[in-house]
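Reading the structure
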Amino acid sequence: MDIFLVEAIVNGILLGGILALLALGLNLIFGVIDVVWIAYAELVMCGMYAIYWLYAVHGVPLPIAAPIAIVFVAILGVLVHKLIISPILGSAPINQLLATGGLLFFLQSFATLLFGADFRNIGLRLPIVEVGELFVSFARLLAFGVALLGMLGLWLFLKRTYVGTAIRAIAQDREIMVLMGVDPSRVYLITSALGGGLAGLASALLVLQYDVHPFIGLSFGPITFMICVLGGLGSMVGGFIAAFIMSQIISVGGFYTSIELSYVLAFLLFIVMIFVRPQGLFGVKS
Amino acid sequence: MKPGWILLGLALLLPPFLPISDYTLHIIILVLLWAFVYTSWTVMGRFGLVSLGHGAFLGLGTYTTALLWNHYGLSPWLGLPLGVIVAVAVALVIGYPCSRLKVVGHYFALVTLALTEVVRLSIVAWRDVTGGSLGMTPNTVPPNSFEAMQFTRFTWYWVALAAWAIGLYVWHRVDRSMTRAAMDAISDDETAAAAVGIDVTRQKLAVTTISAAMTAVGGALIGQYQMYLNPETMAGVGVSLQIVFAAISGGMYVILGPTVGAVLTIVLQEFLRILFGTRFIGAAATIYGIMLILFIIFMPTGICGVIVDKLRKRRA
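The rules we used
Counting from 1, residues in each chain are numbered in the order their sequence is written. Written order decides the labels, with chains lettered from A and ligands numbered from 1. In view of the model being predicted, local features appear only for residues whose pLDDT reaches at least 70, and side-chain atom pairs are presented and counted only at 80 or more, with totals across whole chains, interfaces and linings using the full set of residues. Runs of H or I in DSSP of at least four residues are treated as helices and runs of E of at least two as strands, each being numbered from the N terminus. Values of the radius of gyration come from C-alpha atoms, whereas the globule rule sets the reference at 2.2 Å times the count of residues to the power 0.38. We call a residue exposed when 12 or fewer other C-beta atoms sit within 10 Å of its C-beta, buried when the count reaches 20 or more, and partly exposed for counts in between; the C-beta positions come from the backbone. Each residue gets a C-beta atom placed from its backbone, and two residues are in contact if those atoms lie within 7 Å. Definition of nonpolar core: a set of buried Ala, Val, Leu, Ile, Met, Phe, Trp, Tyr and Cys residues joined via C-beta atoms within 7 Å. Under this grouping Gly is polar, as are all residues other than the nonpolar Ala, Val, Leu, Ile, Met, Phe, Trp, Tyr, Cys and Pro and the charged Asp, Glu, Lys and Arg. Multiplying 1.5 Å by the residue count of a helix minus one yields the expected span of that helix. Any two strands with at least two DSSP-identified bridges between them are counted as paired. For every element, the axis is a line fit to its C-alpha atoms; helices are fit only across the contacting stretch, and the angle between N-to-C directions ranges from 0 to 180 degrees. Roughly parallel here means an angle under 35 degrees, roughly antiparallel means over 145, roughly perpendicular means 65 to 115, and every remaining angle is called oblique. A clockwise turn of the near helix away from the far one marks a right-handed crossing, whereas an anticlockwise turn of less than a right angle marks a left-handed crossing.

1. Let's talk about the overall build of chain A
Regarding its fold elements, chain A presents eleven helices and two strands. Secondary structure of chain A in N-to-C order comes out as α-α-α-α-β-β-α-α-α-α-α-α-α. Whereas a compact globule of 286 residues would reach a radius of gyration of roughly 19 Å, chain A reaches 19 Å, a difference of no more than 12%. With respect to the three principal axes, the spread of C-alpha positions in chain A is 60 × 45 × 35 Å. Each of the 286 residues in chain A was classed as buried or not, and the buried ones make up 51%. Counting only contacts in chain A whose residues sit at least 6 apart along the sequence, the fraction spanning at least 24 positions is 77%.

2. Quick word on the overall build of chain B
If you tally the helices and strands in chain B, you get 15 helices and zero strands. Here chain B has a C-alpha radius of gyration of 20 Å; the compact-globule value for 316 residues is 20 Å, and the two agree. Projected onto its principal axes, the C-alpha positions of chain B cover 60 × 45 × 45 Å. Within chain B, the proportion of its 316 residues that are buried is 48%. The contacts of chain B with a sequence gap of at least 6 include a subset with a gap of at least 24, amounting to 76%.

3. With respect to the nonpolar core
Ranked by internal contacts, the top residues of the largest apolar core, which has 196 residues, are A:Ile51, A:Met226 and B:Leu33. The element that contributes the greatest number of residues to this core is helix α1 (residues 3-33) of chain A, accounting for 15 residues. Discounting chain neighbours no more than four positions away, the residues touching A:Met226 are A:Met246, A:Ala266, A:Phe267, A:Phe270 and B:Ala114.

4. Some thoughts on the interface of chain B and chain A
Taken together, the 38 residues of chain B in the interface contact 39 residues of chain A. Those elements that provide at least two residues to the side of chain B that touches chain A are α5 (105-125), α12 (237-250) and α14 (283-298) of chain B. The element that contributes the greatest number of residues to the side of chain B that touches chain A is α5(B), accounting for 15 residues. Split into classes, the residues belonging to the side of chain B that touches chain A amount to 31 nonpolar, six polar and one charged.

5. Looking at α1(A)
Residues and elements named next belong to chain A. With 31 residues, α1 should cover 45 Å at 1.5 Å per step; its first-to-last C-alpha distance of 45 Å lies within 8% of that length. The buried fraction of α1 amounts to 22 of the 31 residues, a majority that puts the element mostly inside the structure. Positive backbone phi, at 65°, marks aspartate 34, one or two positions downstream of α1.

6. So, the pairing of strand β2 (residues 134-137) of chain A
By the bridge criterion, four bridges tie strand β1 (residues 128-131) of chain A to β2(A) in an arrangement that is antiparallel. The residue bridging A:Glu130 from the neighbouring strand is A:Phe135, located in β2(A).

7. Some thoughts on the environment of B:Leu115
Within the secondary structure, B:Leu115 is located in helix α5. Here B:Leu115 is in contact with A:Ile271, B:Gly53, B:Ala56 and B:Ile94, once residues within four sequence places are set aside.

8. Considering the packing of helix α2 (residues 40-57) of chain A against helix α9 (residues 216-231) of chain A
All names here are of chain A. One way to put it is that α2 packs onto α9 with a least axis distance of 8 Å and a crossing angle of 140°. Judged by the angle between their axes, α2 and α9 are oblique. Here the hand of the crossing between α2 and α9 comes out right-handed. Of the residues in α9, those touching α2 at Tyr40, Ala41, Glu42, Val44 and Met45 are Ile216, Gly217, Phe220, Gly221 and Thr224. A breakdown of the residues in the contact of α2 with α9 according to their chemical character gives six nonpolar, three polar and one charged.

9. Describing the packing of α12(B) against helix α13 (residues 257-276) of chain B
Residues and elements named next belong to chain B. The geometry of α12 relative to α13 is characterised by a closest axis approach of 7 Å and an angle of 110° between their N-to-C directions. When the interaxial angle is binned, α12 and α13 end up roughly perpendicular. The crossing of α12 and α13 is right-handed. Within the contact between the two elements, α12 uses Ala246, Ala247, Ser249 and Gly250 and α13 uses Gly257, Pro258, Thr259, Val260, Gly261, Ala262, Leu264 and Thr265.

10. Remarks on helix α8 (residues 184-206) of chain A
Relative to the 33 Å expected for 23 residues at 1.5 Å per residue, α8(A) spans 32 Å between its end C-alpha atoms, a close match to the ideal helical length. Burial within α8(A) is extensive, with 17 of its 23 residues counted as buried.

11. With respect to unusual backbone geometry
All names here are of chain B. In this structure, lysine 102 is a non-glycine residue whose phi angle is positive, near 55°. For lysine 102, the position within the fold is in the loop between α4 (76-100) and α5. Backbone geometry at methionine 227 places phi at a positive 60°, although glycine is not the residue there. Tracing the chain through its elements places methionine 227 in the loop between α10 (200-226) and α11 (231-234). Take methionine 227: there are 13 C-beta atoms within 10 Å of it, and that puts it in the partly exposed class.

Okay, structure coming up:
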């Protein structure tokens, strides 16, 4: 087989890890609070700038800068819920989507205001790993590994802890849980913090591979929503598998055509899938 | 017709003759053209069909017109209708299954979002023909060429005014039609509406077609006026959200709402741009973003919606 094709497939798998992490965070919020954070990828952008600012501008070592960024984005997540979502939780779902759309504009332009529209790089060059004839970037391998660990951690949290059980229960039935004496607003806050934290983790992994600029969110935001819906709402396994399907389409499709056309293919697949299987690959028909 | 309306109509024809700067006239033309596009969006947006895909129709309209002119020398007067046909065809291909399979709410928003990205990325990918993300310029001919739909700013004012007025007229006709009553029922409860005999798909496709067609016309006109097309500003998520937000902040349930939205967003943007200059790039959009969030939280019916409400209460 063509070595470049193998490389495209490997890179697709590695990209899939990060997309899965992002889709998982969004899926959690979508599934539990029933809100689409259109600005989710912009939160990732905030995390990337936080790391850039700490590491490249102020010289804070990465192992310290990354956790700070994760906490920072988690706090942002809580703020998004407190300030934007919870005042309009009762109104039409589409309003919540649009309100976070306003947030998208705000974050993009605020980042432009603070850092300008230039592409910023943290200036860290990680080595390239050579496996046989294959060259794989270490940053991508690291990102893949950490993303898997992050997902495993979240899975354990949801399955093994009391709060995690409450989160899953709310996702299953919003009305009944209130009758059982669970305070949904607290669960929503924890979920928002978790979603934000996952975005923060993704930002720490992405900043190793990509330059950060105010509009970077637009390059992987839409695809994250598509993965989330494609996998089926509330289905973590579905989102995980959908992430790898999409990343293969993008990576291998990009190998045969161009990167834009591969995204076109991915979006078209999404549109068709919504019509054929609206509940997603692994979702349960309601 | 009341004499007041005729006077208002005549007054609207005046601006090019008034001693205003070229820049002011330019802003007025932009406001009129975008107000037309925003009005087009509300034709379907007001019935709960919140499309994040109008960037697609805008892009299809403008690029079809400009590409046919540049590559085949086809006059925009023929290219524009073709662009409208393309946009409507795409709207139906997406709209029909959406309606039949009851893709609504979040899912409708996400499908249309995917659609607009498909159009933007296709334009970028087809860079040999479209100029890709660098954008393209329609081939110029001496100014005020009717065939090329390239006018002086003086003439453009009336073209923009006519488009805007037609947009308002269509909005008004839809507002008074049976479709409006049917769509109101559908957006309340689709199943109940179908049960009383409303052809849900037919009604939805009717407003979708009108909306997509008008948006494509608006896109083509804006492209011809600016003489520059860019996939980021004429297709894609960015412009789709811009359309939705301007329409909502102005008020999508009132005829002049989208126009107020256009005035507000464009004038605010220009005002802040002049105020801050280039020292604070992004300041204008930052303030705009905060305003949008506040609008959706505190006045989801928009400026005009709130004003109309106040007037009604006073009368009662």
